[in-house]
Amino acid sequence: MKIERIVVGKGKSVPHDGPEGEWSKVYYQLEAVPAESEDVQAIRMSLEGILDQWLSVEAKPEAEVPKIDLAELDGLPWTTYKTKEPAKEGEAGWIFANTKGAEELAKAMQKSEGKLELGAYEYSFSGSENRFISRRPRRNKDG
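The present account deals with the structure reproduced in this document. (Residues numbered from 1 in each chain as written. Predicted model: local features only at pLDDT ≥ 70, side-chain atom pairs only at ≥ 80, totals over all residues. Heavy atoms only, no water.)

If you look at the biggest cluster of nonpolar residues, it comprises 18 residues, and the most contacted ones within it are Leu73, Trp78, Leu105, Met109, Leu118, Tyr123 and Ile133. Going through the elements one at a time, helix 3 (103-111), strand 4 (115-118) and strand 5 (121-126) are the ones with two or more residues in this core. Element by element, the count of residues in this core is highest for helix 3, at four residues. Non-local contacts of Ile133, meaning those with residues more than four positions away in its chain, are made with Trp78, Gly93, Trp94, Ile95, Ala97, Ala102, Leu105, Ala106, Met109, Tyr123, Ser124 and Phe125. (Core = buried A, V, L, I, M, F, W, Y, C linked by side-chain atoms within 4.5 Å. Buried < 20%, exposed > 50% of the residue type's maximum accessible area, 1.4 Å probe, protein only. Helix = DSSP H or I, 4+ residues; strand = E, 2+ residues; numbered from the N terminus. Contact = heavy atoms within 4.5 Å.)

Next comes the structure, spelled out in structure tokens:
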């Protein structure tokens, strides 16, 4: 028997946080065309090794799009740093991370390593144990 090609596929399903126990699935497949003198068992084992290595990196769920209403965010009780007055539109400010209405923002920030750019602002955690959410106007990259 002459083997003209070797195809090896492997997959992995992993649970991730989400409603109703959602899972993420990753599947990879490699194909090799062996030369006349090559050992097909060695090729197969090599392909499996590559796939095992790829699958050892935990499957990441697809990025979930946060359900954040920018107008609602603007309506939160942002406080200025200097005057401690309510922050105006376009002005830097802060709120407590547990402020009602900021839950989705906080979740999205946690998934993006504590920083998030949305609309006209960059949001980040601050304070001990990330007790606060800071916002600052995004810099215009054009000028």
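In an α-helix there are 3.6 residues to a turn, and that puts residues three or four apart on one side. Within the sequence span of helix 3, burial applies to Leu105, Ala106, Ala108 and Met109. Mapping the buried residues of helix 3 onto a view down its axis gives an arc of 165 degrees, with all of them on the same face. Among the exposed residues of helix 3, those oriented more than 90 degrees off its buried face are Gln110 and Lys111. Those residues of helix 3 that are buried lie in contact with helix 2 (70-74), strand 4, strand 5 and strand 6 (132-137). Backbone geometry just downstream of helix 3 places Glu113 in the positive-phi region, at approximately 60 degrees. (Arc of directions from axis to C-beta.)

When strand 3 (residues 93-96) meets strand 6, the two strands line up antiparallel, connected through four bridges. If you follow Ile95 over to strand 6, its bridge partner there is Ile133. By the bridge criterion, six bridges tie strand 5 to strand 6 in an arrangement that is antiparallel. By the bridge assignment for strand 6, Ser126 is matched with Phe132. Counting the residues in the hairpin turn of strand 5 and strand 6 gives five residues, including Gly127, whose phi is positive at 80 degrees. (Pairing = 2+ DSSP bridges.)

Together, Asp69, Glu72, Asp74, Glu89 and Glu103 make up a region of like negative charge exposed at the surface. By the secondary structure assignment, Asp74 is in helix 2. (Patch = residues over 30% accessible without salt bridge, like charges linked within 9 Å, V, L, I, M, F, W, Y side chains within 5 Å. Areas by Shrake-Rupley, 256 points an atom, 1.4 Å probe, with all protein chains shown as cover. Salt bridge = Lys/Arg side-chain N within 4 Å of Asp/Glu carboxyl O. Lys, Arg positive; Asp, Glu negative; His and termini not counted. Charge placed at Lys NZ, Arg CZ, Asp CG, Glu CD.)

Moving on, we come to the environment of Glu72. Structurally, Glu72 can be placed in helix 2. Taking the C-alpha atoms as reference, Glu72 lies 7.5 Å from Gly101; in sequence the two are 29 residues apart.

The next thing to look at is the packing of aromatic side chains. Evaluation of the coordinates by the stated rule reveals six aromatic pairs. Arranged with centres 5.3 Å apart and planes meeting at 35 degrees, the rings of Phe96 and Phe132 form a pair that is tilted. Here Phe96, found in strand 3, pairs with Phe132, found in strand 6; they are 36 residues apart in sequence, far enough to count as distant. Its relative accessible area of 39% is what places Phe96 among the partly exposed residues. (Phe/Tyr/Trp six-rings, centres within 6.5 Å; stacked < 30°, edge-to-face > 60°.)

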